[in-house]
Amino acid sequence: MSKISIGLIQASHEIEGSAPVEVHKEAAVQKHIVLVREAAARGAKIIGLQEVFYGPYFCTEQNPKWYASAEPVPEGPTTRRFQELAKELVVVIILPVYEVEGIASYYNTAAVIDADGTYLGKYRKHHIPHVEAGEGTNGFWEKYYFKPGNLGFPVFDTAYARVGVYICYDRHFPEGARLLGLAGAEIVFNPSATVAGTSEYLWKLEQPAHAVANGYYVAAINRVGVEAPWNMGEFYGQSYLVDPRGRMVAIGSRDQDEVVIGEMDTEMIREVRNVWQFYRDRRPETYEHLVSL
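Now for a look at the structure at hand. (Residues numbered from 1 in each chain as written. Predicted model: local features only at pLDDT ≥ 70, side-chain atom pairs only at ≥ 80, totals over all residues. Heavy atoms only, no water.)

1. Description of the overall build of the protein chain
To keep it simple, the criterion reads: Put simply, DSSP H or I for four residues or longer makes a helix, DSSP E for two residues or longer makes a strand, and each gets a number counted from the N terminus. Buried residues are those whose accessible area, probed at 1.4 Å on protein chains only, stays under 20% of the maximum for their type, while exposed residues exceed 50% and partly exposed ones sit between those limits. Only heavy atoms enter the contact rule, under which two residues are in contact if any of them lie within 4.5 Å. Positive residues here are Lys and Arg, negative ones are Asp and Glu, while His and the chain termini are left out of the count. Charge placement uses NZ in Lys and CZ in Arg. For Asp and Glu, CG and CD serve respectively.
The secondary structure content of the protein chain amounts to 5 helices and 16 strands. Projecting the C-alpha coordinates of the protein chain onto the three principal axes gives extents of approximately 55 × 50 × 35 Å. Within the protein chain, the proportion of its 293 residues that are buried is 55%. Sequence-distant contacts in the protein chain: of pairs separated by 6 or more residues, those separated by 24 or more amount to 70%. Computing the positive centroid from 28 side-chain charges and the negative centroid from 37, the protein chain places the two 5 Å apart.

2. Brief notes about the sheet that holds strand 1 (residues 3-10)
Operational definition: Two strands are said to pair when DSSP picks up at least two bridges between them. Axis geometry follows a simple rule: fit a line to the C-alpha atoms, using only the stretch in contact for helices, then measure angles between N-to-C directions, giving values from 0 to 180 degrees.
With mixed pairing, 6 strands are arranged side by side in an open sheet as 5-4-3-2-1-16. The outermost strands of the open sheet, each flanked by one partner alone, are strand 5 (119-124) and strand 16 (258-265). Each strand axis lies, on average, 30° off the axis of its neighbour in the sheet, ignoring direction. Pairing geometry for strand 2 (residues 46-48) and strand 3 (residues 92-101), over 3 bridges, is parallel. Residue pairing for strand 3: Gly48 is matched across the bridge by Ile94. Helix-sheet contacts for helix 1 (residues 21-41) involve strand 1, strand 2, strand 3 and strand 16, and the interaxial angle to strand 16 is about 40°. Against the sheet, helix 5 (residues 266-275) makes contact with strand 1 and strand 16, and its axis sits at roughly 55° relative to strand 16, the strand it touches most.

3. Quick look at the side chain of Asp243
Our working rule: Here a polar contact means two N or O atoms within 3.5 Å. Within protein one must be a hydrogen donor candidate and the other an acceptor candidate, and residues neighboring in sequence count only if both atoms are side-chain atoms.
Relative to the helices and strands, Asp243 resides in the loop between strand 14 (240-242) and strand 15 (248-251). A polar contact of 2.8 Å, which involves the side chain of Asp243, links it to the backbone nitrogen of Arg245.

4. Remarks on the nonpolar core
Heads up, the condition is: Think of a nonpolar core as a cluster: buried Ala, Val, Leu, Ile, Met, Phe, Trp, Tyr and Cys residues, connected wherever their side-chain atoms sit within 4.5 Å.
If you look at the biggest cluster of nonpolar residues, it comprises 45 residues, and the most contacted ones within it are Leu49, Phe82, Leu95 and Tyr98. Within the residue set of this core, elements represented by two or more residues are helix 1, helix 2 (77-89), strand 3 and strand 4 (105-113). Examining the composition of this core, we find that 8 residues originate from one element, helix 1, more than from any other. Discounting chain neighbours no more than four positions away, the residues touching Phe82 are Val29, Ile33, Val36, Leu49, Phe53, Ile93, Leu95 and Ile113. Listed in part, the 43 residues of the second largest apolar core include Tyr123, Ile187, Ala211 and Tyr216.

5. Comments concerning the pattern of salt bridges
Note the threshold: Salt bridges are defined by distance alone: a side-chain nitrogen of Lys or Arg within 4 Å of a carboxyl oxygen of Asp or Glu.
Across all of its chains, the model carries 20 salt bridges by this definition. Among the ionic pairs, Arg254 bridges to Glu234, the shortest N-O distance being 3.1 Å. With Arg254 in the loop between strand 15 and strand 16 and Glu234 in the loop between strand 12 (224-225) and strand 13 (235-236), this pair connects stretches of sequence that are 20 residues apart. For Glu234, a relative accessible area of 28% gives the class partly exposed. Across the salt bridge formed by Glu285 and Arg283, the nearest N and O atoms sit 2.4 Å from each other. Each of the salt bridges in this network shares a partner with another, and the network as a whole consists of Glu99, Glu101, Lys122 and Arg124.

6. Remarks on the sheet that holds strand 15
The strand order across the open sheet formed by 6 strands is 8-9-10-11-14-15, and the pairing between neighbours is mixed. Each edge of the sheet is formed by a strand with only one pairing partner; in this case those strands are strand 8 (155-157) and strand 15. In this sheet, adjacent strand axes meet at a mean angle of 20° when their direction is disregarded. Note: strand 8 against strand 9 (residues 162-165), 3 bridges, orientation antiparallel. Bridge assignment links Phe156 to a residue of strand 9, and that residue is Val163. Each of strand 10 (187-192), strand 11 (217-222), strand 14 and strand 15 touches helix 4 (residues 206-214); the most contacted strand, strand 14, lies at about 30° to it.

7. Digging into a nonpolar patch on the surface
What counts is decided by this rule: Residues enter patches when they are more than 30% accessible in relative terms and free of salt bridges; like-charged ones are connected within 9 Å and nonpolar ones (Val, Leu, Ile, Met, Phe, Trp, Tyr) within 5 Å. Each accessible area is a Shrake-Rupley estimate made with a 1.4 Å probe; only the visible protein chains count as cover when residues are assessed.
The grouping of Val275, Trp276 and Phe278 at the surface amounts to a nonpolar patch, some 330 Å² of accessible area in total. Tracing the backbone through its elements, the reader meets Phe278 in the segment after helix 5.

Printed below as a string of structure tokens:
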């Protein structure tokens, strides 16, 4: 089928940061199971969740407490739980979690689960920020928690479309976005956790540009609300689906828990790429300095 319904889930996290890790995870997982069911009931076939969905955006502080929230992928309980849900609902799920590999190697990861519950693989966030944000000691202190991704830029053949993943800060870098297109992505999911301030005006600029430059859909997902006790800033939601012409197909509210539904048309990808021959007109033989400068 050429037309596929896409579901984007944006949600707040109300549990106060001092609560035990297990309390955060179970509350968030239960909340998102309800939202995934709502998305499926509304016809979504591919459903994307927000960055590290099962807790607060803990990277605003540097606290070893949060290492305990990491799980192996796919062996961890959260991936397995959502595999069962995907199979039950016959939907594809893009599941962003905190991954641990071995004794103490940690990654910002998204597992991709097919509509029959099969684990297809994972993407590990490549570009890791470490910058101040908000007041006091708040920031996007992600280098404290995550190693840079080392699995390349895979594209996954799901039951409904070819899916790529780019996570949050990755969106500021065009190189991986192009690699996902070259690998055949029809839609790229960008689960995020981003607050009002320096980068907000880029939210509706960069990813539509990626969609146009690469001839695919982009599903941009952002959480909502203000998370205590850090109060780093407002996660401003506005999750959206944008088409290969750079037009918004669907967009969520700024401050509400919400399932955003938009329709993806794979025939439009073909049409746009036939008009804008960006892949034909590339000159990769002239770009060698990109990897040497």
